[in-house]
Amino acid sequence: MHCVSSKHAVMMVSFCQGALLLSLAAAMAVYADMKVDCGPDFVTLMWTESRPQADTSLLRLGSCFPTSFSAGEAYFYVDLTDCNFRILVTGDVLLYSNDLTYVASEDSYNLAFTHPVVCAYERPKDWYSSHQIYDPVFKTYGLGDLQFTIGLMNDDFSGPAEFTSYPLGSIIPIMASVVQKTHQPLLLLLEECVAATTPELHPESTMYPIISNKGCLLESVSSQSKFEPRQKSSEMRLSLQTFKFAMGEEVFIHCKLLAWDPNGLDSTKKACHFVKGHGWELLDNLAQSNLCDCCESKCKSRRQRSVASEKHGMVQKAVIGPFTITDVNS
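Predicted, not measured: the structure shown is a model, and the values here were computed from it.

About the cut-offs
- Residues numbered from 1 in each chain as written.
- Predicted model: local features only at pLDDT ≥ 70, side-chain atom pairs only at ≥ 80, totals over all residues.
- Heavy atoms only, no water.
- Disulfide = S-S within 2.5 Å.
- Helix = DSSP H or I, 4+ residues; strand = E, 2+ residues; numbered from the N terminus.
- Buried < 20%, exposed > 50% of the residue type's maximum accessible area, 1.4 Å probe, protein only.
- Pairing = 2+ DSSP bridges.
- Salt bridge = Lys/Arg side-chain N within 4 Å of Asp/Glu carboxyl O.

S.K.: Explain the state of the cysteines here, please?
M.R.: As used in these notes, a disulfide is a covalent bond between sulfur atoms, one from each of two cysteines. Per the counting criterion, the structure on display carries six disulfides. Across the disulfide, Cys 193 is cross-linked to Cys 255 (sulfur-sulfur distance 2.0 Å). Disulfide Cys 193-Cys 255: torsion about the S-S bond near 115°, hence right-handed. Note that Cys 193 is positioned in strand 15 (residues 187–196) and Cys 255 in strand 20 (residues 251–260), a separation of 62 residues in sequence. This pair shows no difference in class: Cys 193 is buried, exactly as Cys 255 is.

Okay, structure coming up:
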């Protein structure tokens, strides 16, 4: 059951499944209808869009992408422990707050917006949070502790890989993520990845480039390698087709991970892969695939670097492996 339907310039309050839902429409003109259901430990949100040029795939609930979307609708089904929901305790009430955002491309007629969504619950008498309690702060990107992870996964990315030997030509599923305990949503990017036969890189190390030029998946040009559609902005999934390198030896993949402002993409902050018949495409917004044009040359930022811009993200080096690539014909 939907509890609330909120439209442009309307503030509504309602009780639903024992939870008080507050939804305040953005001050800017948002021509859409939103229905939200606060469950006991989850939230569902349906956004119905009336603007014909709006791309509902660009909606985000915190760090989460839509569970499903169509030409005029986006649907989210998320746990309160996901998507960077913020917790605020006020007396006997627990407030879980987040932002529904629309990230518009630079040449879009539809403006970006932020739409706050808050679910309020009665605080159980024996409830004590294991998380930090803090006031909601919107549109801030702190540089506190971030936990990056990367590893080999099973075929459907549902768990760790059960083996570490891959026949030549098979697919290696790789997933990277960043845990953002007290941060506004950040976009995780793989800025660079190279394969090597050593757990540490040295000048004399034999290397095989996989991702370079600030986020260009080179292996996608000549193989079936590709970035998979995101489930969360804080995750990246890579399907990497095995290549002829150090056959039968231990292989390590060295990557540089970047957590970045979702609204700060440019030619040096991107995730691009080559799609046969289409060329280079931007994973997070096809309308901005021109950011990938430099993948055939040298990717440089048009923006002047500054201390302020550096505060929009954090870089972490990480290593995957070891694993082996085997030749089934030998």
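S.K.: For this particular structure, what's the right way to read the pairing of strand 8 (residues 73–79)?
M.R.: The side-chain alternation of strand 8 yields one buried face, formed by Ala 74, Phe 76 and Val 78, and one unburied face, formed by Glu 73, Tyr 75, Tyr 77 and Asp 79. Sheet analysis places strand 5 (residues 42–49) next to strand 8, joined by seven bridges and oriented antiparallel. The residue of strand 8 that forms the bridge with Leu 45 is Phe 76. The sheet contact formed by strand 7 (residues 68–69) and strand 8 spans two bridges and is antiparallel. For Phe 69, the partnering residue across the bridge sits in strand 8 and is Ala 74. Taking the residues between adjacent antiparallel strands as the criterion, strand 7 and strand 8 are bridged by three residues.

S.K.: Sorry, what's going on with the pattern of salt bridges here?
M.R.: It is possible for side chains bearing opposite charge to pair when their charged atoms get close. One pass over the full model with this rule turns up seven salt bridges. Arg 86 is the salt-bridge partner of Asp 99, the closest N and O atoms lying 3.6 Å from each other. Pair noted here: Asp 99 is in strand 10 (residues 93–102) and Arg 86 is in strand 9 (residues 86–90), with a separation of 13 residues, a long-range link. The class of Arg 86 is buried, set by a relative accessible area of 2%.

S.K.: Got a minute to help me understand the sheet that holds strand 21 (residues 272–275) in this structure?
M.R.: The strands that make up a sheet are held in pairs by hydrogen bonds between backbone atoms, and each pair lies either parallel or antiparallel. Taken together, the eight strands give an open sheet; going across it, the order is 13-23-20-15-16-17-21-22, and neighbouring strands pair in mixed fashion. Edge strands, defined here as strands with exactly one partner in the open sheet, are strand 13 (165–167) and strand 22 (279–282). Looking at chain direction, strand 17 (residues 216–217) and strand 21 are connected through two bridges and run parallel. Each bridged residue has a counterpart across the sheet, and for Cys 216 the counterpart in strand 21 is Cys 272.

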